[in-house]
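The chain contents come next:
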Amino acid sequence: MSQRSLLAAALATALLLGAPAAFAQSTAATIRGQVMLDSAPAADAEVTATNLATGLRRTVRASAGRYSVAGLPPGAYRVDVTANGQTSSRDVTVLVGQTVTLDMGVGGMAETAPAGDATNLDTMTVTAPMLVETRTSEVATYVTQKQIQALPQGTRNFLAFADIVPGMQFTQGGDGSTRLRSGAQDASAINVFIDGVGQKNYVLPGGVSGQDSTRGNPFPQSAIGEYKVISSNYKAEYDQLSSAAITAVTRSGSNEFGGSFFWDRTSTDWRSATEGEEVSGDKAEFKEEQYGATFEGPIIRDRLQFFLAYEAKEYISPRTVVPGQGFNSRPGDLPAELQPLIGTFSAPFKQDMYFGKLTWTPGDAHLVELTGKFREETEFSNFDGTRTLMYGSRKDNDDTRVDLRYQFSGEGFLNDFHITYEDASWRPRAATIAPGYVLTLDDPGEVILEAGGGPDYQDKGQKGYSLQDDLTFSAFEWAGSHTVKMGVKYKDVDITALEQNPYNAQYYYDLDQDLAVPYQVRFGAPLGGVGTGSLTTSGKQFGIYLQDDWEVNDRLTLNLGLRWDYETNPAYTDYATPGDFVAALRAWGNINAPGSGIDIDNYISTGSERDDFKDAWQPRLGFSYDMSGDERHVLFGGAGRSYDRNLFTQLALESTKHSFPPYTYRFDTPGHACDQAAPTCLPWDESFFDSTVLQALVNANPNLGAERYVLNNDIKTPYSDQFSLGMRNLYGAWITEVTLSHIKSNDGLVFHLGNRRPGGDFFAPGTTWGPPWDDAAFGVPGYGRLIIGTNGLETRANSLALKIDKPYTAASGWGVTVAYTFTDAEQNANTTSGGAFDYPDLSGFGWLATTGVPEHRMVATGIYDAPGGITLSAKLTLATPSPRQGTNCLAGWNDCIIDYYTPDGTLGFKQFDLAASRTWKAGDSFSFFVRGDLLNAFNWVNYDGRDDWFGAPGEPNPNLGRPTSQLLPTRTFKLSMGFNW
């Protein structure tokens with residue numbers, strides 16, 4: 001199907017829906033139920049829900065006594081019912097994306113609804129019970145504004161609270177960067193929807209735009225109202241994900257002027273020393289300062305309100321540089337001139353975030369919202385472990401998003417229209433412009449220390465607009481009650497990947513040889529002196545779905561959905577393999593030999609062999625069965641398929657590595673002899689430190705030694721299949737849930753080494769280890785290393801999740817959550833940045849334990865209103881050690897394998913955090929607060945890096961598993977203060 005016909009189909013669908021193109025209602029709540037008059041369903045009842053903060057009204061008429069009020073922004077509502085001249089009302093609170101039951105009665109009939117105690121929501125002055133959703137097939141958990149405000153925290157990243165959900169992990173690496181992942185899949189598989197708009201990162205890992213290797217936050221926390229985490233069984237409206245969906249709603253202005261200011265800080269003297277600092281007797285400079293403000297109010301009461309938020313972060317964080325290959329336990333064996341490069345150093349970071357929102361209600365049937373988010377950050381990063389301070393990078397990370405929404409509510413239907421704009425860029429640059437020096441043992445992969453100028457020079461991002469539309473028909477009757485939702489999406493986005501890597505030439509030295517003479521140089525250079533390493537493509541995205549939430553009777557609900565997505569990627573489909581490279585590939589006997597396992601024609605493109613993936617059909621089925629008829633014991637489950645997307649930074653490698661390829665030359669030096677008859681083997685000369693001399697090598701033969709990437713002509717879009725079955729129970733104010741799930745992901749993009757030995761062999765005869773890295777001997781003749789990309793990466797996770805929740809309410813004054821997950825996670829390869837180079841294909845790996853996923857994990861939280869107006873909270877996180885991978889050469893240098901081990905200990909991660917706050921009121925509208933957070937109260941030590949070297953033949957490594965870097969925080973006190981008005 002052509003792009004033109006696809007677009008025509010999308011527009012035709014929009015016309016059939018009776019609406020212009022707009023967005024999915026993943027944040028809107030629905031209140032449904034039955035209206036009873038005396039002892040019978042009310043024949044002609046009118047139900048009105050009025051937002052108690054903004055005045056927004058929604059009115060529907062009940063059909064045979066049944067009603068459904070859809071499209072409600074989360075918040076507190078007064079629900080009024082009129083039937084036969086009699087009225088009844090009730091105040092309730094609904095959360096983001098909830099579908100809750102509220103049975104109303106007039107004429108003396110009782111009202112029923114599964115609800116918690118009364119609660120206060122943020123700035124609302126009313127108290128309204130929070131309704132509980134039990135009849136849903138989604139495996140979902142709500143994160144409330146109270147939890148965001150009260151629970152201990154260090155980063156002010158609102159996603160940090162998602163780890164109170166079974167199966168979710170929010171992790172902070174040794175470099176301070178944060179990740180959110182679910183199950184066996186990595187962070188790239190999630191998607192975050194804010195006000196219904198996906199924040200997907202199309203270029204880089206991390207899942208969320210701007211969240212690759214950053215200490216920054218994706219959104220100002222003070223602008224988030226609440227959010228829901230769906231780890232499985234999401235409905236058809238959710239796209240571009242294969243693990244978890246996070247759907248959040250932003251705060252809106254109200255009819256009362258108000259605002260807030262906060263400031264929090266911690267510093268060197270307020271944290272305990274790391275183990276390395278205790279040994280050295282000196283703590284690195286450390287500061288974390290966060291501050292911000294909000295302002296809200298009416299422009300026209302009940303009609304037009306505004307909300308503004310600003311947040312900033314200023315960090316100075318410690319980074320520990322330790323030598324690799326076992327030298328972390330004996331750094332004194334390194335040359336004296338390298339000793340000052342080892343230790344703990346400080347890395348600065350600065351972020352500014354702005355958010356604004358206008359909410360206009362021109363009439364009861366209309367809602368218009370305009371929101372904008374602006375994020376700017378700079379940081380010094382990419383140094384720790386074996387990378388020294390001078391080897392680091394300076395990075396800019398900016399993100400702008402604007403969203404215009406129009407919602408129209410008619411009799412029995414609701415339509416949403418969204419136009420969005422986004423512009424995100426990620427730009428790391430080497431901080432030192434000078435040659436890089438890589439100290440190794442015998443092999444380039446055995447890195448001990450990296451110094452000098454680093455390799456980074458990148459500029460990657462996405463920029464474009466989208467149109468989406470949702471239409472919901474609520475509560476029409478046919479063999480039960482149906483809520484039917486349908487939607488269409490069109491997006492036009494320019495995606496850019498500039499990668500000049502390595503930007504600084506990298507010289508490799510052998511510690512056991514002459515440290516004045518390198519044995520190898522790896523550098524990047526423009527092909528023919530004119531390449532840029534840059535690629536921009538204009539991609540089009542189309543999506544359409546249909547969802548029917550069918551209440552078959554008062555006990556059984558079926559959720560039936562189907563979604564289809566399509567995306568164009570001209571950079572991949574129109575790519576033509578350069579003719580000289582095609583000729584070299586076809587003439588290369590090694591790759592064309594029967595034993596190579598590669599049909600090279602599958603990787604050669606003229607620009608007409610490739611098509612965009614068209615088979616992303618995604619059925620999503622779920623059910624819930626109310627066993628007792630009162631929504632207190634509900635059996636639920638479902639099955640579904642969900643397609644994600646391939647990262648553009650990987651799809652662009654054919655072009656960027658051709659435009660600005662990396663080159664590798666060996667030097668014939670003692671201990672590293674090479675055949676000088678080979679064109680990439682040179683006698684060492686001091687002139688090779690001169691970049692113009694290296695460029696002259698390239699100009700003389702642009703292809704010689706150049707690393708090239710090729711992609712399979714039939715690249716598919718990765719997806720996951722999800723299955724779950726669970727039981728949800730409501731015991732008074734307590735909610736319990738137990739779920740069994742199986743999630744298998746397929747068709748992940750993976751890269752293999754294409755180099756082959758004569759006869760097509762990957763390994764040397766009689767061995768099962770030793771990939772043919774030597775480009776001069778085993779690479780494409782006249783070129784260098786060959787890397788091939790194809791589908792095939794898979795993960796699978798079997799999980800048992802247990803959740804216990806007593807929601808906090810103002811009436812009870814306390815709340816508790818417990819989330820426990822048992823996970824058996826595996827994947828069919830060990831990969832680093834998508835590369836699986838140890839075997840010729842994935843069949844050599846077998847199923848391996850997924851690194852970073854603990855078998856057992858528990859997170860418990862509590863909130864308590866103590867005497868004296870003090871609010872106390874706590875969070876406990878416990879996890880068993882996660883599997884790690886390393887190199888095992890114990891059987892012989894020709895029989896090395898990638899091996900796995902689990903570090904010793906019952907627990908691999910443990911942390912207990914506390915917080916206490918006190919608010920003083922000064923009049924009716926002004927209050928001042930002070931808060932203290934004690935992170936890692938018991939100063940438990942958690943580790944990030946370990947010595948993963950199993951050992952050499954006959955020389956087991958006694959330090960296998962020994963920690964090399966420590967995770968923060970150590971015990972840290974953070975002081976916060978501010979005011980609200």
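Residues numbered from 1 in each chain as written. Predicted model: local features only at pLDDT ≥ 70, side-chain atom pairs only at ≥ 80, totals over all residues. Heavy atoms only, no water.

**A few points about the overall build of the protein**
Applied cut-off: Under the scheme used here, helices are H or I runs from DSSP no shorter than 4 residues and strands are E runs no shorter than 2 residues, and both carry numbers assigned from the N terminus. We compute the radius of gyration from the C-alpha atoms alone; for a globule the expected value is 2.2 Å times N to the 0.38, where N is the number of residues. Contacts between residues were defined by any pair of non-hydrogen atoms, one from each residue, lying within 4.5 Å. Accessible surface is estimated by sampling points in the Shrake-Rupley manner with a 1.4 Å probe; for residues, cover comes only from the protein chains shown. None of His or the chain ends enter the tally, which takes Lys and Arg as positive and Asp and Glu as negative. Lysine's charge is taken at NZ, arginine's at CZ, aspartate's at CG and glutamate's at CD.
Scanning the protein from terminus to terminus reveals 10 helices and 54 strands. Against the globule reference of 30 Å for 981 residues, the protein gives a C-alpha radius of gyration of 30 Å, in line with a compact fold. In the protein, the proportion of contacts linking residues at least 24 apart, taken out of those at least 6 apart, comes to 72%. Surface accessibility of the protein: about 35800 Å² in total, with carbon and sulfur atoms responsible for 56%. Taken together, the 77 basic and 115 acidic charged side chains of the protein have centroids lying 5 Å from each other.

**Observations concerning the pattern of salt bridges**
As a reminder of what qualifies: Salt bridges are identified by distance alone: a Lys or Arg side-chain nitrogen within 4 Å of an Asp or Glu carboxyl oxygen. Each residue is placed in one exposure class: buried if its accessible area under a 1.4 Å probe, protein chains only, is under 20% of its type's maximum, exposed if it is over 50%, and partly exposed if it falls in between.
Under the definition given, this model contains 53 salt bridges. The salt bridge involving Lys-373 is made with Asp-399; its shortest N-O contact spans 3.1 Å. Taken together, the positions of Lys-373 in strand β23 (residues 366–381) and Asp-399 in strand β24 (residues 393–410) put the pair 26 residues apart, joining distant regions of the chain. The burial state of Lys-373 is the same as that of Asp-399; both residues are buried. The salt bridge involving Glu-499 is made with Lys-460; its shortest N-O contact spans 3.1 Å. Here the residue Glu-499 occupies a position in strand β29 (residues 481–499), and Lys-460 occupies one in strand β28 (residues 458–477), the gap between them amounting to 39 residues. The same class applies to Glu-499 as to Lys-460, namely buried.

**Observations concerning the packing of aromatic side chains**
Quick note on the threshold: Pairing of aromatic rings covers Phe, Tyr and Trp, the last counted by its six-membered ring, and requires centre-to-centre distances within 6.5 Å; plane angles under 30 degrees mean stacked, over 60 mean edge-to-face, and any other angle means tilted. Lysine NZ or arginine CZ positioned within 6 Å of the ring centre and within 35 degrees of the ring normal marks a charge as sitting over the ring.
This model, assessed by the stated rule, comprises 45 aromatic pairs. Aromatic pair Tyr-437 and Tyr-509: ring centres 6.0 Å apart, planes at 40°, arrangement tilted. Note that Tyr-437 is positioned in strand β26 (residues 436–440) and Tyr-509 in strand β30 (residues 506–510), a separation of 72 residues in sequence. By relative accessible area, Tyr-509 is classed as buried at 7%. The rings of Tyr-465, Tyr-490, Phe-542, Trp-564, Tyr-566 and Trp-617 are connected pair by pair, giving a single aromatic cluster. Above the plane of the ring of Phe-581 lies Arg-708, whose end atom (NZ or CZ) is 5.1 Å from the centre. Over the aromatic face of Trp-814 sits the side chain of Lys-806, whose NZ or CZ is 4.5 Å from the ring centroid.

**What to know about unusual backbone geometry**
In the segment running from Asn-501 into Pro-502, the intervening peptide bond is cis, with an omega of 0°. With respect to the element layout, Pro-502 can be found in the loop between β29 and β30. Here Leu-968 and Pro-969 are connected by a cis peptide whose omega angle stands at 10°. Residue placement: Pro-969 occurs in the loop between β53 (963–966) and β54 (972–980). You will see that Asn-233, though not glycine, has its phi angle at about 65°, which is positive. Its place among the elements puts Asn-233 in the loop between β17 (224–232) and β18 (245–250). Look at Gln-240: it is not a glycine, yet its phi comes out positive at around 55°. Here Gln-240 lies in the loop between β17 and β18. By relative accessible area, Gln-240 is classed as buried at 9%.

**Brief notes about helix α5 (residues 579–587)**
The criterion, for reference: In this description, one arc is meant: the one made by directions from the helix axis to the C-beta atoms.
By the burial criterion, the buried members of α5 are Phe-581, Val-582, Ala-584 and Leu-585. What you see down the axis of α5 is that its buried residues fit within an arc of 165°, all on one side. The outward face of α5, more than 90 degrees from its buried face, is lined by the exposed residues Gly-579 and Ala-587. Buried residues along α5 sit against α6 (589–592), β38 (708–711) and β41 (786–806).

**Brief notes about the state of the cysteines**
For clarity, the cut-off: We call a pair of cysteine sulfur atoms a disulfide when they lie within 2.5 Å.
Counting across every chain of the model gives one disulfide. Residue Cys-674 pairs covalently with Cys-681 via a disulfide, S to S 1.9 Å. Looking along the S-S bond of the Cys-674-Cys-681 disulfide, the torsion reads about 75°, which is the right-handed sense.

**A word on the sheet that holds strand β12 (residues 139–143)**
What counts here: For two strands to be treated as a pair, DSSP must find no fewer than two bridges joining them.
A sheet is described by the order of its strands in space; here five strands give the open sequence β12-β17-β18-β15-β16, paired in mixed fashion. Sheet topology places β12 and β16 (197–198) at the edges, where each strand pairs with a single neighbour. Pairing of β17 with β18 involves six bridges; the strand directions are antiparallel. Residue pairing in the sheet places Val-229 in a bridge with Ile-246 of β18.

**Let's talk about the environment of Arg-785**
Here Arg-785 is to be found in the loop between α10 (775–778) and β41. Along the chain, Arg-785 and Phe-219 lie 566 residues apart, while their C-alpha atoms are 41 Å from each other. For Arg-785, the residues in contact, after removing those within four places along its chain, are Arg-522, Ala-706, Glu-707, Arg-708, Leu-753, Asn-755, Trp-773 and Asp-775.

**Quick notes on a nonpolar patch on the surface**
Rules: Two joining distances apply to patches: 9 Å for like charges and 5 Å for nonpolar side chains (Val, Leu, Ile, Met, Phe, Trp, Tyr), and every residue must have over 30% relative accessible area and no salt bridge.
Residues Ile-299, Ile-300, Tyr-354, Leu-358, Leu-370, Phe-374, Val-402, Leu-404, Ile-419, Tyr-421 and Tyr-465 make up a contiguous nonpolar surface patch of roughly 900 Å² in combined accessible area. Secondary structure elements with two or more residues in the nonpolar patch: β20 (287–300), β22 (343–363), β23, β24 and β25 (413–430). The partly exposed category is assigned to Leu-358, whose relative accessible area is 37%.

**With respect to the environment of Glu-477**
Checked against the element boundaries, Glu-477 lands in strand β28. Sequence spacing of Glu-477 and Ser-63 is 414 residues, and the spatial spacing of their C-alpha atoms is 8.2 Å. Once residues lying within four places of it in the same chain are set aside, the contact partners of Glu-477 are Ser-63 and Arg-66.

**Considerations on the sheet that holds strand β52 (residues 955–956)**
Spatially, four strands are ordered β47-β46-β51-β52 in an open sheet, and the strand pairing comes out mixed. Each edge of the open sheet carries a strand with a single partner, namely β47 (897–901) and β52. Alignment of strand β51 (residues 949–952) against β52, held across two bridges, turns out to be antiparallel. The residue bridging Ala-952 from the neighbouring strand is Glu-955, located in β52.

**Here we look at the confidence of the model for the protein**
Let me state the cut-off plainly: Scored between 0 and 100, pLDDT is the confidence that the predictor attaches to each residue.
Overall, the prediction assigns the protein a mean pLDDT of 89, with 94% of residues at 70 or greater. Below a pLDDT of 50 lies the segment residues 1–25, which in the model reaches 60 contacts outside its immediate sequence neighbourhood of four places, other chains included. Confidence drops under a pLDDT of 50 for residues 118–126, and excluding neighbours within four residues, the segment shows 29 contacts in the predicted structure.

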